[in-house]
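Each chain, letter by letter, is given below.
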Amino acid sequence: MVNLHTSIGKFQFNNPLMNASGVHCMTAAELDEVAQSPAGTLVTKSGTLEARAGNPEPRYAGLALGSINSMGLPNLGYQYYLDYAVAFQAAHPDQPIFLSIAGTGPADYQQMAEAIQASAFTGLTEFNLSCPNVPGKPQIAYDLDTTARILDDLFKVFKKPAGIKLPPFFDLAQFDAMADLLNRYPLTFINSINSLGNGLAIDPATDTALIRPKGGFGGIGGAYAKPIALANVRAFRERLRPDIAIIGTGGVTSGRDVYELILCGASLVSLGTVLQKEGLPAFARLTGELEAEMTAKGYDAIPDFKGALKTL
Ligand code: SIN
């Protein structure tokens, strides 16, 4: 029997798998189902200051090797998720939970940070700086100055365990610059990566974009994203302070994919498209496949191979 225990800061998890924010986490009922699955933890949908209906449908489409989405942050408002998280931790004191929030502008983050700081929530808060799908709003973390301004303001008021969700980066200079910036802040974790922003998928029968919002542009997830996710986790693991943990997100369809994200340095691995396509049984399947991979490689526990990628 292998041991799947992992940790982030002072938080302990008995399985490295969790949902990715946006999948199976819109309502209390969905969150409860993830909590009752084999997943080691759960994250809420990114909540905004006010509830949002999101973008017009169709706004998600399955693709041969993944998915495209332009959901546009539909959510019930951050207060709904904060209330859920506070009640959840009271009922499950040994099960950590992540609260995700997203601003539609820089000022939103500080306002929500103040409210979470003042609340009874003691879990982990993910500040999503990478949503590619709000029309007219760029992905914040591609702008280093704005990111720094948000984090400067935020950490003046926020003293609880915090992380940020990042978009994919594609150049070593971008990794260097973003890691230099992040290392200045008391972050507990990062989540890397959000979807590959602004891809396009076309229906061959009608020559029409598959989704309606933004002329068909949307975030790409699933197997298409795997090499980019591996590279981002690896690049940030090599550059960030050791006390900043990484949640690896992107491209998981097998236990081997989970194993590889951990090999690149992830402490937890979140499931997006695969959870959307397969539903909750994905957690049991991938747990079994991860255990089989670890056994085949002769590893008993996650720390035995976390970050142990070899290079030529
Ligand atoms: C969305 O709601 O559009 C997805 C959220 C995200 O990618 O951050």
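What you see is a predicted model, and the numbers here were worked out from it, not measured in a lab.

Parameters at a glance
- Residue positions are given per chain, counted from 1 along the sequence in the order it is written.
- For this predicted model, a pLDDT threshold of at least 70 governs which residues receive local features, and a threshold of 80 or more governs which side-chain atom pairs are given and counted, while totals over whole chains, interfaces and linings are taken from all residues.
- By convention in this description, side-chain values take in all heavy atoms of the structure and omit both hydrogens and water.
- Numbering of helices and strands runs from the N terminus, with a helix taken as a DSSP run of H or I at least four residues long and a strand as a DSSP run of E at least two residues long.
- Multiplying 1.5 Å by the residue count of a helix minus one yields the expected span of that helix.
- Only protein chains enter the calculation, and the probe is 1.4 Å; a residue is then buried if its accessible area is under 20% of its type maximum, exposed if over 50%, and partly exposed in between.
- Note on definitions: a residue-residue contact is assigned when non-hydrogen atoms from the two residues lie within 4.5 Å.
- For two strands to pair, DSSP has to find at least two bridges joining them.
- Orientation is described by lines fitted to C-alpha atoms, with helices fitted over the stretch in contact, and by angles between N-to-C directions that extend from 0 to 180 degrees.
- Here the nonpolar core consists of buried residues drawn from Ala, Val, Leu, Ile, Met, Phe, Trp, Tyr and Cys, with membership extended through side-chain atoms lying within 4.5 Å.
- For classification purposes, an angle smaller than 35 degrees is called roughly parallel, one larger than 145 roughly antiparallel, one from 65 to 115 roughly perpendicular, and anything else oblique.
- A clockwise turn of the near helix away from the far one marks a right-handed crossing, whereas an anticlockwise turn of less than a right angle marks a left-handed crossing.
- Residue classes follow a fixed rule: Ala, Val, Leu, Ile, Met, Phe, Trp, Tyr, Cys and Pro count as nonpolar, while Asp, Glu, Lys and Arg count as charged, and any other residue, Gly among them, counts as polar.
- Pairing of aromatic rings covers Phe, Tyr and Trp, the last through its six-membered ring, and needs centres within 6.5 Å; plane angles under 30 degrees mean stacked, over 60 mean edge-to-face, and all others mean tilted.

Enquirer: Mind showing me how you'd approach helix 6 (residues 226-239) here?
Expert: The end-to-end C-alpha distance of helix 6 is 20 Å, a good match for the 20 Å that 14 residues give at a rise of 1.5 Å each. Inspection of helix 6 places Lys226, Ala229, Leu230, Asn232, Val233, Arg234, Ala235 and Phe236 among the buried residues, and these make up the whole buried set. Buried residues along helix 6 sit against strand 8 (162-166), helix 5 (172-182), strand 9 (189-192), strand 13 (217-222), strand 14 (245-249) and helix 7 (255-263).

Enquirer: How do you make sense of the sheet that holds strand 13 when you look at a structure like this?
Expert: Whenever strands of a sheet pair, they do so through backbone hydrogen bonds, lying parallel or antiparallel. Across the sheet, which stays open at both edges, the four strands sit in the order 4-5-13-10 with antiparallel pairing between neighbours. Either end of the sheet is taken by a strand with one partner, and the two such strands are strand 4 (60-63) and strand 10 (196-200). With strand direction ignored, the average angle separating the axes of adjacent strands in the sheet is 40 degrees. Judged from the four bridges that link them, strand 4 and strand 5 (residues 66-69) form a sheet pairing that is antiparallel. Looking across to strand 5, one finds that Gly62 is bridged to Ser67.

Enquirer: Sorry if this is basic, but what is going on with the nonpolar core here?
Expert: One broad trend across soluble globular proteins is that nonpolar side chains are buried collectively. In terms of nonpolar packing, the biggest core is built from 82 residues, with Phe127, Ile164, Leu166, Leu182, Ile190, Phe236 and Leu271 touching the most fellow members. For this core, the leading source of residues is helix 2 (residues 78-91), giving six residues. If sequence neighbours within four positions are ignored, Leu166 has contacts with Ser130, Ala141, Met178, Leu182, Ile190, Asn191, Ser192, Ile193, Asn194 and Phe236. Core analysis: the next-biggest nonpolar cluster, separate from the first, contains 11 residues, Phe11, Met18, Phe98 and Ala245 among them.

Enquirer: I would appreciate a short explanation of the packing of helix 1 (residues 28-36) against helix 2 in the present structure.
Expert: When two helices pack together, their arrangement is given by the angle between their axes and by how far apart the axes lie. Between helix 1 and helix 2, the least distance of the axes is 11 Å, while the angle of their chain directions is 40 degrees. Judged by the inter-axis angle, helix 1 sits oblique to helix 2. Regarding helix 1 and helix 2, the two cross each other, and that crossing is right-handed. Residues Ala28, Leu31, Asp32 and Ala35 of helix 1 touch helix 2, and the partners they reach there are Tyr80, Tyr81, Tyr84 and Phe88. When the residues that make up the contact of helix 1 with helix 2 are grouped by side-chain class, the tally is seven nonpolar, no polar and one charged.

Enquirer: I would appreciate a short explanation of the packing of aromatic side chains in the present structure.
Expert: This structure, assessed with the given rule, holds 13 aromatic pairs. Members of the aromatic cluster, connected to one another through ring pairs, are Tyr142, Phe169, Phe175 and Phe236.

On their own, these measurements won't tell you what the molecule is for.
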